[in-house]
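Chains, contacts and geometry: an overview
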Amino acid sequence: MSHTPVVLTPASADQAVSAFGDGSGVTVIGGGTIVMPEIAGRRASFSKALLLSGAGLAGITRQGGVVRIGAATTLQALIGATPDPLSTAAQRVGDYEIRGQATIGGNLCAGPGRETPRGDLQAPLIALAASVRTAGAGGEQVQPVEDFLESGPAGRLVLEVEFSEPTRGAYTSMGRPHTHVYTVLSVACAETPEGLRVAIGGAGPTGARAPSVERALADGASVEDAAARVLDDVEPQDDALASAWYRRKALPALVARALADIGKESG
Amino acid sequence: MKITVNGAEHELASPPLTSLLNALRDELNVTGPKVGCQGGNCGTCTVLVDGEPRRSCLLPLAMVDGAEVTTIEGLGTPKRMHPMQAAFHFYYGSQCGFCAPGMITASVALLERNPNPTRKQIQNALGGHICRCTGYVKIIDAVEAVARGESFDGAELTRSRGGEATPKGASA
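Only a predicted model underlies this, so the values are computations on that prediction, with no experimental measurement involved. (Residues numbered from 1 in each chain as written. Chains lettered and ligands numbered in written order. Predicted model: local features only at pLDDT ≥ 70, side-chain atom pairs only at ≥ 80, totals over all residues. Heavy atoms only, no water.)

1. Topic: the pattern of salt bridges
Per the stated rule, a full pass over the model turns up 16 salt bridges over all chains. One salt bridge in this structure joins R62(A) and E165(A), with 3.0 Å as the shortest N-O distance. With a gap of 103 residues between them, R62(A) in strand β4 (residues 60–63) and E165(A) in the loop between β8 (156–164) and β9 (168–174) connect regions that are remote in the sequence. Residue classification places R62(A) among the partly exposed positions, given a relative accessible area of 46%. With relative accessibility at 31%, the residue E165(A) sits in the partly exposed group. For E140(A), the salt bridge identified is with R133(A), shortest N-O distance 2.8 Å. A residue is classified by how much of its surface remains accessible, and R133(A), at 26% relative accessible area, is partly exposed. Look at the salt bridges and you will find they share partners, linking D95(A), E97(A) and R55(B) into a network. (Salt bridge = Lys/Arg side-chain N within 4 Å of Asp/Glu carboxyl O. Helix = DSSP H or I, 4+ residues; strand = E, 2+ residues; numbered from the N terminus. Buried < 20%, exposed > 50% of the residue type's maximum accessible area, 1.4 Å probe, protein only.)

In C-alpha coordinates, the structure reads:
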(Lines give C-alpha, C1' and ligand atoms only; values in the text may rest on other atoms or scores of the structure.)
Protein backbone atom coordinates (compact mmCIF):
# COMPACT_ATOMS: atom_id res chain seq x y z
CA MET A 1 0.00 0.00 0.00
CA SER A 2 1.30 3.37 -0.90
CA HIS A 3 -0.73 5.04 1.81
CA THR A 4 -2.69 4.06 4.88
CA PRO A 5 -6.40 3.69 4.14
CA VAL A 6 -9.14 4.93 6.42
CA VAL A 7 -10.48 2.00 8.44
CA LEU A 8 -14.09 2.07 9.62
CA THR A 9 -15.17 -0.28 12.39
CA PRO A 10 -18.94 0.12 12.85
CA ALA A 11 -20.41 -1.23 16.10
CA SER A 12 -23.91 -1.88 14.74
CA ALA A 13 -25.68 -2.76 11.51
CA ASP A 14 -27.03 0.80 11.25
CA GLN A 15 -23.56 2.25 11.63
CA ALA A 16 -22.27 -0.18 8.99
CA VAL A 17 -24.99 0.90 6.56
CA SER A 18 -24.30 4.60 7.02
CA ALA A 19 -20.52 4.08 6.87
CA PHE A 20 -20.99 2.17 3.61
CA GLY A 21 -23.18 4.89 2.07
CA ASP A 22 -23.40 4.28 -1.66
CA GLY A 23 -20.32 2.09 -1.46
CA SER A 24 -18.11 4.25 -3.63
CA GLY A 25 -14.46 3.85 -2.65
CA VAL A 26 -15.33 1.41 0.15
CA THR A 27 -13.73 -2.03 0.41
CA VAL A 28 -15.77 -4.27 2.71
CA ILE A 29 -13.88 -6.73 4.90
CA GLY A 30 -16.06 -9.51 6.30
CA GLY A 31 -13.66 -12.16 7.60
CA GLY A 32 -10.58 -10.88 5.81
CA THR A 33 -9.67 -14.11 4.02
CA ILE A 34 -10.03 -12.54 0.58
CA VAL A 35 -8.76 -8.99 1.19
CA MET A 36 -5.79 -9.69 3.48
CA PRO A 37 -3.81 -11.75 0.92
CA GLU A 38 -4.40 -8.93 -1.56
CA ILE A 39 -2.86 -6.48 0.91
CA ALA A 40 0.04 -8.82 1.68
CA GLY A 41 0.69 -9.28 -2.03
CA ARG A 42 0.54 -5.51 -2.59
CA ARG A 43 -2.27 -5.96 -5.08
CA ALA A 44 -4.79 -4.01 -3.04
CA SER A 45 -5.28 -0.32 -3.41
CA PHE A 46 -8.20 1.26 -1.66
CA SER A 47 -8.81 4.37 0.34
CA LYS A 48 -11.47 3.17 2.74
CA ALA A 49 -11.97 -0.20 4.43
CA LEU A 50 -15.16 -1.16 6.24
CA LEU A 51 -14.70 -3.92 8.83
CA LEU A 52 -17.91 -5.79 9.61
CA SER A 53 -16.63 -7.99 12.43
CA GLY A 54 -17.98 -5.75 15.20
CA ALA A 55 -21.23 -4.73 13.50
CA GLY A 56 -23.40 -7.47 14.99
CA LEU A 57 -24.21 -8.96 11.59
CA ALA A 58 -23.46 -12.56 12.58
CA GLY A 59 -26.08 -15.09 13.57
CA ILE A 60 -28.62 -17.62 12.35
CA THR A 61 -32.30 -17.33 13.22
CA ARG A 62 -35.34 -19.37 12.26
CA GLN A 63 -38.92 -18.20 12.23
CA GLY A 64 -41.96 -19.70 10.55
CA GLY A 65 -39.92 -22.02 8.34
CA VAL A 66 -37.59 -19.24 7.19
CA VAL A 67 -33.86 -19.38 7.90
CA ARG A 68 -32.08 -16.02 8.20
CA ILE A 69 -28.31 -15.78 8.20
CA GLY A 70 -26.43 -12.57 8.98
CA ALA A 71 -23.77 -11.56 6.47
CA ALA A 72 -20.91 -11.86 8.98
CA THR A 73 -21.84 -15.41 10.04
CA THR A 74 -18.79 -17.61 9.63
CA LEU A 75 -18.76 -20.69 7.44
CA GLN A 76 -17.94 -22.81 10.48
CA ALA A 77 -21.14 -21.58 12.15
CA LEU A 78 -23.20 -22.79 9.18
CA ILE A 79 -22.12 -26.41 9.58
CA GLY A 80 -24.87 -28.47 11.15
CA ALA A 81 -26.85 -25.32 11.95
CA THR A 82 -28.21 -24.83 8.42
CA PRO A 83 -29.81 -27.33 6.03
CA ASP A 84 -28.09 -28.99 3.11
CA PRO A 85 -26.86 -28.18 0.56
CA LEU A 86 -25.49 -25.18 2.51
CA SER A 87 -24.14 -27.06 5.51
CA THR A 88 -22.10 -29.61 3.55
CA ALA A 89 -20.84 -26.95 1.16
CA ALA A 90 -19.57 -24.88 4.10
CA GLN A 91 -17.92 -27.97 5.59
CA ARG A 92 -15.89 -28.47 2.42
CA VAL A 93 -14.43 -24.96 2.26
CA GLY A 94 -10.83 -24.53 3.41
CA ASP A 95 -10.01 -25.83 6.86
CA TYR A 96 -11.24 -25.17 10.40
CA GLU A 97 -9.29 -21.93 10.75
CA ILE A 98 -10.40 -20.52 7.41
CA ARG A 99 -14.02 -21.52 8.00
CA GLY A 100 -13.91 -19.87 11.40
CA GLN A 101 -12.97 -16.58 9.82
CA ALA A 102 -14.55 -16.52 6.35
CA THR A 103 -18.13 -15.23 6.19
CA ILE A 104 -21.20 -16.07 4.13
CA GLY A 105 -21.44 -12.44 2.97
CA GLY A 106 -17.86 -12.50 1.75
CA ASN A 107 -18.42 -15.78 -0.05
CA LEU A 108 -21.45 -14.33 -1.82
CA CYS A 109 -19.43 -11.29 -2.90
CA ALA A 110 -16.40 -13.32 -4.04
CA GLY A 111 -15.89 -12.84 -7.72
CA PRO A 112 -13.77 -15.24 -9.72
CA GLY A 113 -10.24 -15.59 -8.37
CA ARG A 114 -7.25 -14.89 -10.53
CA GLU A 115 -6.98 -18.49 -11.68
CA THR A 116 -10.05 -20.28 -10.38
CA PRO A 117 -13.71 -19.80 -9.58
CA ARG A 118 -14.57 -19.28 -5.91
CA GLY A 119 -17.64 -18.59 -3.84
CA ASP A 120 -18.59 -22.17 -3.04
CA LEU A 121 -21.75 -21.15 -1.15
CA GLN A 122 -23.26 -19.43 -4.17
CA ALA A 123 -24.64 -22.57 -5.84
CA PRO A 124 -26.18 -23.87 -2.57
CA LEU A 125 -27.85 -20.50 -1.97
CA ILE A 126 -29.24 -20.47 -5.52
CA ALA A 127 -30.58 -24.01 -5.04
CA LEU A 128 -32.23 -22.90 -1.80
CA ALA A 129 -33.93 -20.00 -3.65
CA ALA A 130 -32.28 -17.65 -1.16
CA SER A 131 -32.78 -13.93 -1.25
CA VAL A 132 -30.24 -11.33 -0.22
CA ARG A 133 -30.96 -8.19 1.78
CA THR A 134 -28.51 -5.43 0.96
CA ALA A 135 -28.03 -1.74 1.64
CA GLY A 136 -26.61 0.95 -0.62
CA ALA A 137 -27.73 3.85 -2.77
CA GLY A 138 -31.53 4.04 -2.65
CA GLY A 139 -31.72 2.22 0.68
CA GLU A 140 -32.34 -1.41 1.47
CA GLN A 141 -33.21 -3.94 -1.17
CA VAL A 142 -34.15 -7.61 -1.15
CA GLN A 143 -33.45 -9.61 -4.29
CA PRO A 144 -33.03 -13.24 -5.35
CA VAL A 145 -29.45 -14.39 -4.93
CA GLU A 146 -29.18 -15.05 -8.69
CA ASP A 147 -30.02 -11.44 -9.45
CA PHE A 148 -27.52 -10.26 -6.85
CA LEU A 149 -24.79 -12.43 -8.37
CA GLU A 150 -25.60 -11.18 -11.83
CA SER A 151 -25.45 -7.50 -10.94
CA GLY A 152 -22.46 -8.03 -8.66
CA PRO A 153 -21.67 -6.70 -5.19
CA ALA A 154 -20.48 -3.25 -6.28
CA GLY A 155 -22.41 -0.56 -4.44
CA ARG A 156 -24.27 -3.02 -2.23
CA LEU A 157 -23.54 -4.03 1.36
CA VAL A 158 -24.85 -7.53 2.10
CA LEU A 159 -26.72 -7.59 5.41
CA GLU A 160 -28.53 -10.89 5.45
CA VAL A 161 -29.42 -13.97 3.46
CA GLU A 162 -32.72 -15.78 3.88
CA PHE A 163 -34.49 -18.82 2.47
CA SER A 164 -37.34 -21.16 3.29
CA GLU A 165 -36.36 -24.40 4.97
CA PRO A 166 -36.09 -27.05 2.22
CA THR A 167 -37.60 -30.50 2.60
CA ARG A 168 -34.36 -32.05 1.40
CA GLY A 169 -31.04 -30.96 0.06
CA ALA A 170 -27.88 -32.46 -1.38
CA TYR A 171 -24.42 -31.20 -2.27
CA THR A 172 -21.90 -33.03 -4.41
CA SER A 173 -18.52 -31.59 -5.16
CA MET A 174 -15.34 -32.56 -6.85
CA GLY A 175 -12.16 -31.23 -5.37
CA ARG A 176 -8.70 -32.52 -4.78
CA PRO A 177 -7.42 -34.35 -1.73
CA HIS A 178 -5.85 -31.30 -0.17
CA THR A 179 -8.23 -28.95 1.63
CA HIS A 180 -6.85 -25.84 0.07
CA VAL A 181 -7.38 -26.74 -3.54
CA TYR A 182 -10.44 -24.93 -4.73
CA THR A 183 -13.56 -26.84 -5.72
CA VAL A 184 -13.31 -27.98 -9.34
CA LEU A 185 -17.07 -28.44 -9.75
CA SER A 186 -20.03 -28.63 -7.43
CA VAL A 187 -23.72 -29.39 -7.70
CA ALA A 188 -26.26 -28.24 -5.15
CA CYS A 189 -29.90 -29.25 -5.17
CA ALA A 190 -32.78 -28.58 -2.85
CA GLU A 191 -36.41 -29.55 -2.62
CA THR A 192 -37.85 -26.10 -1.92
CA PRO A 193 -41.48 -25.01 -1.40
CA GLU A 194 -41.47 -23.98 -5.07
CA GLY A 195 -40.03 -27.27 -6.33
CA LEU A 196 -36.70 -28.94 -6.97
CA ARG A 197 -33.90 -26.50 -7.77
CA VAL A 198 -30.45 -27.36 -9.08
CA ALA A 199 -27.40 -25.09 -9.19
CA ILE A 200 -23.82 -25.49 -10.34
CA GLY A 201 -20.58 -24.15 -8.91
CA GLY A 202 -17.21 -24.04 -10.62
CA ALA A 203 -18.55 -23.78 -14.14
CA GLY A 204 -18.51 -20.02 -14.50
CA PRO A 205 -17.51 -16.83 -12.70
CA THR A 206 -20.28 -17.33 -10.10
CA GLY A 207 -22.66 -20.09 -9.12
CA ALA A 208 -25.44 -20.65 -11.70
CA ARG A 209 -28.88 -22.23 -11.75
CA ALA A 210 -29.54 -25.20 -14.03
CA PRO A 211 -33.13 -24.61 -15.25
CA SER A 212 -32.87 -27.12 -18.13
CA VAL A 213 -32.15 -29.92 -15.65
CA GLU A 214 -35.05 -28.83 -13.46
CA ARG A 215 -37.44 -28.68 -16.44
CA ALA A 216 -36.37 -32.08 -17.76
CA LEU A 217 -37.02 -33.65 -14.37
CA ALA A 218 -40.40 -31.95 -14.11
CA ASP A 219 -41.23 -33.34 -17.57
CA GLY A 220 -40.47 -36.85 -16.36
CA ALA A 221 -37.02 -37.36 -17.91
CA SER A 222 -34.73 -39.95 -16.35
CA VAL A 223 -32.07 -38.72 -13.96
CA GLU A 224 -29.35 -39.43 -16.54
CA ASP A 225 -31.16 -37.59 -19.34
CA ALA A 226 -31.99 -34.67 -17.09
CA ALA A 227 -28.40 -34.48 -15.82
CA ALA A 228 -27.05 -34.40 -19.38
CA ARG A 229 -29.04 -31.20 -19.96
CA VAL A 230 -26.77 -29.32 -17.56
CA LEU A 231 -24.50 -28.41 -20.46
CA ASP A 232 -27.38 -26.34 -21.89
CA ASP A 233 -27.23 -24.23 -18.73
CA VAL A 234 -23.55 -23.64 -18.11
CA GLU A 235 -20.48 -23.33 -20.27
CA PRO A 236 -17.51 -24.71 -18.36
CA GLN A 237 -14.22 -22.90 -18.87
CA ASP A 238 -10.54 -23.79 -18.62
CA ASP A 239 -8.75 -22.66 -15.51
CA ALA A 240 -5.84 -23.67 -13.31
CA LEU A 241 -7.84 -26.50 -11.74
CA ALA A 242 -9.30 -28.30 -14.72
CA SER A 243 -9.93 -27.99 -18.44
CA ALA A 244 -13.31 -27.11 -19.90
CA TRP A 245 -13.24 -30.52 -21.64
CA TYR A 246 -12.82 -32.30 -18.31
CA ARG A 247 -15.56 -30.28 -16.66
CA ARG A 248 -17.96 -31.02 -19.53
CA LYS A 249 -17.27 -34.72 -19.12
CA ALA A 250 -17.58 -34.75 -15.33
CA LEU A 251 -20.45 -32.36 -14.71
CA PRO A 252 -23.40 -34.51 -15.93
CA ALA A 253 -22.16 -37.40 -13.76
CA LEU A 254 -21.89 -35.09 -10.78
CA VAL A 255 -25.42 -33.76 -11.37
CA ALA A 256 -26.77 -37.33 -11.58
CA ARG A 257 -25.03 -38.14 -8.31
CA ALA A 258 -26.52 -35.12 -6.56
CA LEU A 259 -29.98 -36.00 -7.85
CA ALA A 260 -29.55 -39.56 -6.59
CA ASP A 261 -28.49 -38.15 -3.22
CA ILE A 262 -31.66 -36.12 -2.98
CA GLY A 263 -33.71 -39.20 -3.72
CA LYS A 264 -34.33 -39.13 -7.45
CA GLU A 265 -34.33 -42.68 -8.77
CA SER A 266 -32.03 -43.22 -11.70
CA GLY A 267 -33.76 -44.82 -14.65
CA MET B 1 -5.33 -0.95 19.66
CA LYS B 2 -4.57 -3.31 22.45
CA ILE B 3 -3.93 -7.04 22.46
CA THR B 4 -2.75 -9.51 25.06
CA VAL B 5 -0.04 -11.80 23.78
CA ASN B 6 0.94 -14.81 25.86
CA GLY B 7 -0.36 -13.09 28.97
CA ALA B 8 1.27 -9.69 28.42
CA GLU B 9 -0.81 -6.71 27.35
CA HIS B 10 0.48 -4.54 24.51
CA GLU B 11 -0.60 -1.23 23.06
CA LEU B 12 0.04 -1.43 19.32
CA ALA B 13 1.24 1.32 17.02
CA SER B 14 0.93 -0.60 13.72
CA PRO B 15 -1.81 0.60 11.32
CA PRO B 16 -5.20 -1.15 11.74
CA LEU B 17 -4.97 -3.24 8.57
CA THR B 18 -1.56 -4.64 9.51
CA SER B 19 -1.90 -8.40 9.78
CA LEU B 20 -1.72 -9.81 13.29
CA LEU B 21 1.23 -11.87 12.02
CA ASN B 22 3.25 -8.82 11.01
CA ALA B 23 2.39 -6.97 14.21
CA LEU B 24 3.47 -9.95 16.32
CA ARG B 25 6.74 -10.38 14.48
CA ASP B 26 7.73 -6.84 13.56
CA GLU B 27 6.31 -4.77 16.39
CA LEU B 28 6.33 -7.21 19.32
CA ASN B 29 9.24 -9.41 18.22
CA VAL B 30 7.17 -12.55 18.78
CA THR B 31 8.63 -14.62 15.97
CA GLY B 32 7.17 -18.07 16.69
CA PRO B 33 4.40 -17.70 14.10
CA LYS B 34 6.16 -17.92 10.74
CA VAL B 35 5.62 -15.99 7.53
CA GLY B 36 4.78 -18.62 4.96
CA CYS B 37 2.35 -17.99 2.12
CA GLN B 38 0.58 -14.96 3.62
CA GLY B 39 -2.58 -16.19 1.97
CA GLY B 40 -3.97 -18.54 4.60
CA ASN B 41 -2.90 -21.60 2.65
CA CYS B 42 0.08 -22.97 4.56
CA GLY B 43 -0.90 -22.78 8.25
CA THR B 44 2.40 -21.87 9.86
CA CYS B 45 1.21 -18.45 11.11
CA THR B 46 -1.62 -20.06 13.10
CA VAL B 47 -2.12 -18.68 16.62
CA LEU B 48 -4.92 -18.95 19.15
CA VAL B 49 -7.20 -15.92 19.26
CA ASP B 50 -9.40 -16.11 22.34
CA GLY B 51 -8.71 -19.84 22.29
CA GLU B 52 -9.66 -20.44 18.67
CA PRO B 53 -7.02 -21.24 16.05
CA ARG B 54 -6.74 -18.51 13.43
CA ARG B 55 -4.42 -17.59 10.59
CA SER B 56 -2.63 -14.53 11.91
CA CYS B 57 -1.72 -13.53 8.34
CA LEU B 58 -5.41 -13.11 7.50
CA LEU B 59 -6.45 -11.12 10.56
CA PRO B 60 -6.25 -7.35 10.37
CA LEU B 61 -5.31 -5.86 13.73
CA ALA B 62 -8.57 -3.94 13.86
CA MET B 63 -10.41 -7.27 14.04
CA VAL B 64 -8.49 -8.49 17.09
CA ASP B 65 -8.55 -5.33 19.19
CA GLY B 66 -8.83 -6.48 22.80
CA ALA B 67 -8.25 -10.14 22.00
CA GLU B 68 -6.14 -12.63 23.87
CA VAL B 69 -3.54 -14.15 21.58
CA THR B 70 -1.51 -17.27 22.33
CA THR B 71 1.42 -18.15 20.10
CA ILE B 72 3.69 -21.19 20.22
CA GLU B 73 5.85 -19.27 22.72
CA GLY B 74 2.90 -19.01 25.08
CA LEU B 75 2.25 -22.74 25.24
CA GLY B 76 5.43 -23.77 27.02
CA THR B 77 9.17 -23.24 27.30
CA PRO B 78 12.11 -25.48 26.39
CA LYS B 79 12.31 -26.57 30.03
CA ARG B 80 8.58 -26.78 30.60
CA MET B 81 7.05 -27.83 27.36
CA HIS B 82 3.36 -28.09 26.70
CA PRO B 83 2.49 -31.81 26.27
CA MET B 84 1.86 -31.17 22.58
CA GLN B 85 5.28 -29.59 22.16
CA ALA B 86 6.88 -32.48 24.05
CA ALA B 87 4.99 -35.01 21.93
CA PHE B 88 6.08 -33.34 18.69
CA HIS B 89 9.66 -33.50 19.97
CA PHE B 90 9.44 -37.07 21.19
CA TYR B 91 7.71 -38.40 18.07
CA TYR B 92 9.92 -36.43 15.67
CA GLY B 93 6.88 -34.40 14.60
CA SER B 94 9.11 -31.42 14.02
CA GLN B 95 11.88 -31.75 11.48
CA CYS B 96 12.88 -28.41 9.99
CA GLY B 97 10.38 -26.86 12.39
CA PHE B 98 8.85 -24.34 10.02
CA CYS B 99 5.31 -25.72 10.22
CA ALA B 100 5.49 -26.63 13.92
CA PRO B 101 4.21 -23.31 15.35
CA GLY B 102 1.00 -23.71 13.38
CA MET B 103 0.72 -27.49 13.62
CA ILE B 104 1.12 -27.43 17.39
CA THR B 105 -1.27 -24.55 18.14
CA ALA B 106 -3.89 -26.05 15.81
CA SER B 107 -3.44 -29.46 17.48
CA VAL B 108 -3.83 -27.98 20.96
CA ALA B 109 -7.05 -26.31 19.80
CA LEU B 110 -8.28 -29.55 18.23
CA LEU B 111 -7.95 -31.46 21.50
CA GLU B 112 -9.72 -28.61 23.30
CA ARG B 113 -12.80 -29.06 21.14
CA ASN B 114 -12.45 -32.81 20.58
CA PRO B 115 -10.35 -34.59 23.25
CA ASN B 116 -10.51 -37.97 21.50
CA PRO B 117 -10.22 -37.37 17.77
CA THR B 118 -9.92 -40.22 15.29
CA ARG B 119 -6.88 -40.26 13.02
CA LYS B 120 -9.12 -39.02 10.21
CA GLN B 121 -10.35 -36.14 12.36
CA ILE B 122 -6.76 -35.15 13.14
CA GLN B 123 -5.98 -35.23 9.42
CA ASN B 124 -8.98 -33.03 8.71
CA ALA B 125 -8.12 -30.58 11.48
CA LEU B 126 -4.56 -30.23 10.20
CA GLY B 127 -5.57 -30.35 6.55
CA GLY B 128 -4.71 -26.71 5.97
CA HIS B 129 -1.23 -27.06 7.44
CA ILE B 130 1.58 -27.88 5.07
CA CYS B 131 4.73 -29.66 6.29
CA ARG B 132 7.47 -29.05 3.75
CA CYS B 133 9.45 -32.00 5.21
CA THR B 134 6.34 -34.14 4.55
CA GLY B 135 6.49 -35.46 8.11
CA TYR B 136 2.74 -35.81 8.46
CA VAL B 137 2.64 -39.35 9.86
CA LYS B 138 4.80 -38.43 12.84
CA ILE B 139 2.84 -35.26 13.45
CA ILE B 140 -0.41 -37.22 13.59
CA ASP B 141 1.29 -39.82 15.83
CA ALA B 142 2.24 -37.02 18.22
CA VAL B 143 -1.29 -35.63 18.40
CA GLU B 144 -2.67 -39.13 19.00
CA ALA B 145 -0.17 -39.65 21.82
CA VAL B 146 -1.32 -36.52 23.63
CA ALA B 147 -4.95 -37.47 23.07
CA ARG B 148 -4.47 -40.88 24.66
CA GLY B 149 -2.82 -39.21 27.65
CA GLU B 150 0.81 -40.18 27.23
CA SER B 151 2.88 -38.36 29.80
CA PHE B 152 5.87 -36.34 28.79
CA ASP B 153 7.02 -35.35 32.26
CA GLY B 154 10.65 -34.41 32.34
CA ALA B 155 10.86 -34.09 28.58
CA GLU B 156 13.31 -31.43 27.50
CA LEU B 157 14.31 -30.28 24.07
CA THR B 158 17.64 -32.09 24.39
CA ARG B 159 16.26 -35.28 25.86
CA SER B 160 13.48 -37.73 25.36
CA ARG B 161 10.69 -38.54 27.74
CA GLY B 162 11.27 -39.10 31.45
CA GLY B 163 14.88 -38.07 31.23
CA GLU B 164 15.77 -41.23 29.32
CA ALA B 165 18.07 -40.67 26.39
CA THR B 166 16.49 -43.41 24.29
CA PRO B 167 14.12 -42.10 21.68
CA LYS B 168 11.21 -44.23 20.56
CA GLY B 169 12.25 -46.95 18.17
CA ALA B 170 15.98 -46.75 18.89
CA SER B 171 17.75 -49.95 19.90
CA ALA B 172 18.72 -50.08 23.57
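2. Considerations on the packing of aromatic side chains
If you walk through the whole model with that rule in mind, you get two aromatic pairs over all chains. Look at F90(B) and Y91(B): their rings are 5.4 Å apart centre to centre, the planes differ by 80°, and that puts the pair in the edge-to-face class. Judged by its relative accessible area of 9%, F90(B) falls in the buried class. Overall, Y91(B) belongs to the buried group, its relative accessible area being 7%. Three or more aromatic residues joined by ring pairs make a cluster, and in this case those are F90(B), Y91(B) and F152(B). One residue, R113(B), lies across the ring of Y96(A), its end atom 3.4 Å from the ring centre. Stacked on the ring of F98(B), the Lys or Arg R132(B) has its end atom at 4.4 Å from the ring centre. (Phe/Tyr/Trp six-rings, centres within 6.5 Å; stacked < 30°, edge-to-face > 60°. Lys NZ or Arg CZ within 6 Å of the ring centre and 35° of its normal.)

3. Notes on unusual backbone geometry
All names here are of chain A. In this structure, the amide linkage connecting D84 to the following residue, P85, adopts the cis form with an omega of 10°. If you trace the backbone, P85 turns up in the loop between α3 (75–78) and α4 (86–91). Phi is positive for R42, close to 55°, though the residue is something other than glycine. Within the secondary structure layout, R42 lies in the loop between α2 (35–40) and β3 (48–51). One non-glycine residue, A129, lies in the positive phi region at around 55°.

4. Some points on empty space enclosed by the protein
Where empty space is left in the structure can be found by rolling a water-sized probe over the atoms. Residues and elements named next belong to chain A. Here the structure, examined in full by the defined rule, presents one cavity of 30 Å³ or more. Volume-wise, the largest cavity comes out at about 90 Å³. Taken together, 15 residues line the largest cavity, and the ones lying closest to its centre are R118, G119, D120, G201 and G202. (1 Å grid on protein atoms, 1.4 Å probe; cavity = no way out; pocket = protein on both sides within 12 Å on 5 of 7 lines; lining within 4 Å. Points joined across faces, edges and corners; volume = space filled by probe spheres on them.)

5. Looking at the pairing of strand β10 (residues 185–192) of chain A
Residues and elements named next belong to chain A. With seven of eight residues buried, β10 is to be regarded as a mostly interior element. Relative to β10, β9 runs antiparallel, the two sharing seven bridges. The residue of β10 that forms the bridge with M174 is L185. Note that β10 and strand β11 (residues 195–201) share seven bridges and pair antiparallel. Across the sheet, residue E191 finds its bridge partner in β11, namely L196. Here β10 folds back onto β11 in antiparallel fashion, the turn holding two residues. (Pairing = 2+ DSSP bridges.)

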